[in-house]
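Next come the chains, spelled out residue by residue.
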Amino acid sequence: MGKNKNKSNTSSSSSEMGGKHAQTDLGVKPSSTVFAKFEEESSSSVSLAPRARNEADQQQHAVSLKSLNVKEAPIVSSYNDKIRPLLDAVDKLRNLMVMEEGIQLPTIVVVGDQSSGKSSVLESLASISLPRGQGICTRVPLIMRLQHHSSSEPELSLEYNGKVERTDEARVAEDIVKATDDIAGGGKGISNTPLTLLVKKNGVPDLTMVDLPGITRVPVHGQPENIYDQIKDMIMEYINPEQSIILNVLSATVDFTTCESIRMSQSVDKTGERTLAVVTKVDKAPEGLVEKVTGDDVNIGLGYVCVRNRIGEETYEEARAFSDQLFQTHPLLSKIDKSMVGVHVLAQKLVQIQATSIARSLPEIVKKIDDKLNFCLSELNKLPKGLSSFAEAITAFMQIIGSSKESLSKILVRGEFDEYPEEKHKHGTARLVELLNQYSEELHECDGTDVASNFLMQEIRVLGEAKRMSLPNFLPRSAFLVILQGKVKGISSIPIRFVEKIWGYIEDVMISVLMKHSENYLQLQLCAKRAGHNLIAKMKERSVKWMMEIVEMEKQTDYTCNPEYVTEWQKLMNNLGGFLHGVLGDEHKPPSFVVDDIGMVEVEVFRQYPRDLLSEAFDLKMRMIAYWKVVLRRLVDSMALHLQLSIANLVNKDMEMKIVTELMGPNNAGGIEKMLEESPAVALKREKLKKSINKLKESKEVVGKIMDGIITYGD
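Here is what the cut-offs are and how they apply
Along each chain, residue indices are assigned from 1 in the same order as the chain's sequence is written. Since the coordinates come from a predicted model, pLDDT governs what is reported: local features require at least 70, and pairs of side-chain atoms require 80 or more to be given and counted, while whole-chain, interface and lining totals use all residues. Each side-chain value is worked out from all heavy atoms of the structure, with water and hydrogens disregarded. Exposure categories follow from relative accessible area, calculated using a 1.4 Å probe and restricted to protein chains: below 20% of the type maximum is buried, above 50% is exposed, and the middle band is partly exposed. The secondary structure listing takes helices from DSSP runs of H or I that are at least 4 residues long and strands from runs of E that are at least 2 residues long, numbered from the N terminus. At least two bridges found by DSSP between two strands are what make those strands a pair. Whenever Lys or Arg places a side-chain nitrogen within 4 Å of a carboxyl oxygen from Asp or Glu, that contact is recorded as a salt bridge. Axis definition: a line fit to C-alpha positions, over the contact stretch in the case of helices; interaxial angles, taken between N-to-C directions, run 0 to 180 degrees. Any two residues having at least one pair of non-hydrogen atoms within 4.5 Å are treated as being in contact. Two N or O atoms count as a polar contact when they lie within 3.5 Å, although within protein this holds only if one can serve as hydrogen donor and the other as acceptor, and sequence-adjacent residues are included solely when both atoms are side-chain atoms.

A. Just the pairing of strand β5 (residues 195-201), in detail. Burial runs high along β5: 6 of the 7 residues are buried. Looking at chain direction, strand β2 (residues 142-148) and β5 are connected through 7 bridges and run parallel. The residue bridging Arg-145 from the neighbouring strand is Leu-198, located in β5. As judged from the 5 bridges shared by strand β3 (residues 155-160) and β5, these two strands associate in the antiparallel manner. Bridging from a neighbouring strand, Leu-156 pairs with Val-199 of β5.

B. Summary view of the pattern of salt bridges. Across all of its chains, the model carries 34 salt bridges by this definition. Note that Asp-370 and Lys-700 form a salt bridge whose closest N and O atoms lie 3.2 Å from each other. Placement of Asp-370 in helix α10 (residues 343-382) and of Lys-700 in helix α21 (residues 680-707) is noted, with a sequence separation of 330 residues between them. When its relative accessible area of 24% is taken as the criterion, Asp-370 is described as partly exposed. Of the charged contacts, one joins Arg-431 and Glu-434 as a salt bridge, the two residues approaching to 2.9 Å between their closest N and O atoms. Here Arg-431 pairs with Glu-434, and both are found in helix α12 (residues 428-446), just 3 residues apart, close to one helical turn. Note on Glu-434: relative accessible area 39%, which makes it partly exposed. When salt bridges with common partners are traced through the structure, they connect Glu-100, Glu-101, Lys-372 and Lys-695 into a single cluster.

C. Quick look at the sheet that holds strand β9 (residues 304-306). Across the sheet, 9 strands lie side by side as β4-β3-β5-β2-β6-β1-β7-β8-β9; this open sheet has mixed pairing. Pairing within the sheet leaves two strands with one partner each, and these edge strands are β4 (163-167) and β9. Averaged over all pairs of adjacent strands, the angle between their axes in this sheet comes to 25°, without regard to strand direction. Here strand β8 (residues 275-280) pairs with β9 via 3 bridges, running parallel. By the bridge assignment for β9, Val-279 is matched with Cys-306. Those strands touched by helix α3 (residues 84-95) are β1 (107-112), β2, β3 and β6 (207-211), and its axis lies near 150° from that of β2.

D. Just the side chain of Ser-339, in detail. Relative to the helices and strands, Ser-339 resides in the loop between α9 (316-329) and α10. Look at Ser-339 and you get buried, because its relative accessible area is 4%. In terms of polar contacts, Ser-339 uses its side chain to reach the side chain of Asp-337, at 2.4 Å.

Purely geometric numbers; function is a separate question.
Right under this line is the structure:
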């Protein structure tokens, strides 16, 4: 692989194929001040010791190597000082797990169908052995961090579950399997918890890639039935962010249009502008490959790279030499443009694409880090200051009680709802009026008797039972009270239900307000809630008792000084003459008669009764109609006045006294001191915010060190 070869691979295509995919820069050209030209590959030749074979194989293999002039050279030379900091910065951000804060990083995501040769491609890039076997070899996201290392001694380590373990080239595949079992279990299931493999080795490209499990539709023994869905969900999570570069590994032996990995990448990258395809197993299906990678039926925007991976016991240097020979001499594969073949070309494209993506994304990453840091700092400042003394606890307690009283006064007394403009449930005075109106309507509807139906029959029956030896033309008061008591008894349960309903609403509002103002103090919340429930229960009991007395008073006697009673009675009595004439005087004896303000009544039955009884019954009926209106209005008005007084007392004094008693009483020793204990939810939120702030500050420092030297890219 001398100078001429390297120049051919990195220049624009001038071959007969035209090379539609020679560009690898995400649609923009990198500034020459940012990217230095890749150094020429080393031309020093080092003889290789073949692995143990039988004598005949060794001789034949030695002849092949000699004819190929195998050289030990780096895949990609190391970057200059202006490029490497970009890659280091993103790796540091990844190690800080800044993605947990919702900040996406440029990531090369390796996807492919099972047995597409994905692991072999990564082995060729890293020059190390990865786990091989039947079924899914990669069961967790494997973050491969490749770093060119000037030392001749490689350094390998695995990072997972918060620990770092050193390994080496001989043990790395075995150690990856052990770490995977530790993360995902010893079966064949998968896990979304990542495993990081750091490879510092001379000659490897500076890359960070995430290798995901190969796509399979049919679960094997030991795998869950939904293994395909699990793998798909994991892949989609990684390739969906716009910052992700998709490295789609395709086998030359299959129709690209049917590959599941292609379908997945197309679903998130329809134009293909962030998808690069690497084609493996080219020696097994060379026919038509030129047309497949140049025709691009599956819309791979970043182009194709065809590779021949290591086979059997070949060393990586030997595999590269055989690959060069294959693409130079094969009658079909040699027609593929040289800018589209070889692991070294793949490495160069990946390195440049990654660096370009990072340079373009870094300003936005910096902005998102700043925004998230400011948000976390703001949220932390909103949390209550930690209480460290009894005096601070008392002060905080009084502030909470004061703010709660003010909120409740607005909601339940003054009718202001600026604190809860969208929560109509907390527009207290409006809701109380609605409940009171419902109570009034229920009272008026509960009587259940149509005044015109069975007109005067109850009155005639009661008057008959209330007869006594007395002067004529006197309406017996006992008859009036019997009818009144029956009507009051019929509605007596409604005021009690209303009391329970309205205090239930007041309790909901009061507890909600108390919880909001004391949300940062768990102990105070517990006391406030307990005190609130006890207080409302006491207020409800008091109201029920008071309401029962009101109902009993209405049963006990009849009285009003309201002049509307007499006015209404006189108005109704104006119908008496007409009624008596219609019943007793009309020679046509109509079966019904219209009584003003009452309606059509049946009168045939009344012709059997004497005029005096009908007159008394009519008078009794009209008095009851007029007086019942007064009773119902009195039940509503007295309830409204009682509630306003009770609510005012609740807000202004009862609530505070009850909470203080609950918090500082003998059954809650050290209640104020307990306020010093932060609630678990607040403590957890504070700790989480602090961790995020520290992480974001470190991240900001990482990117801050290199931003001054970065020249960003234009569209």
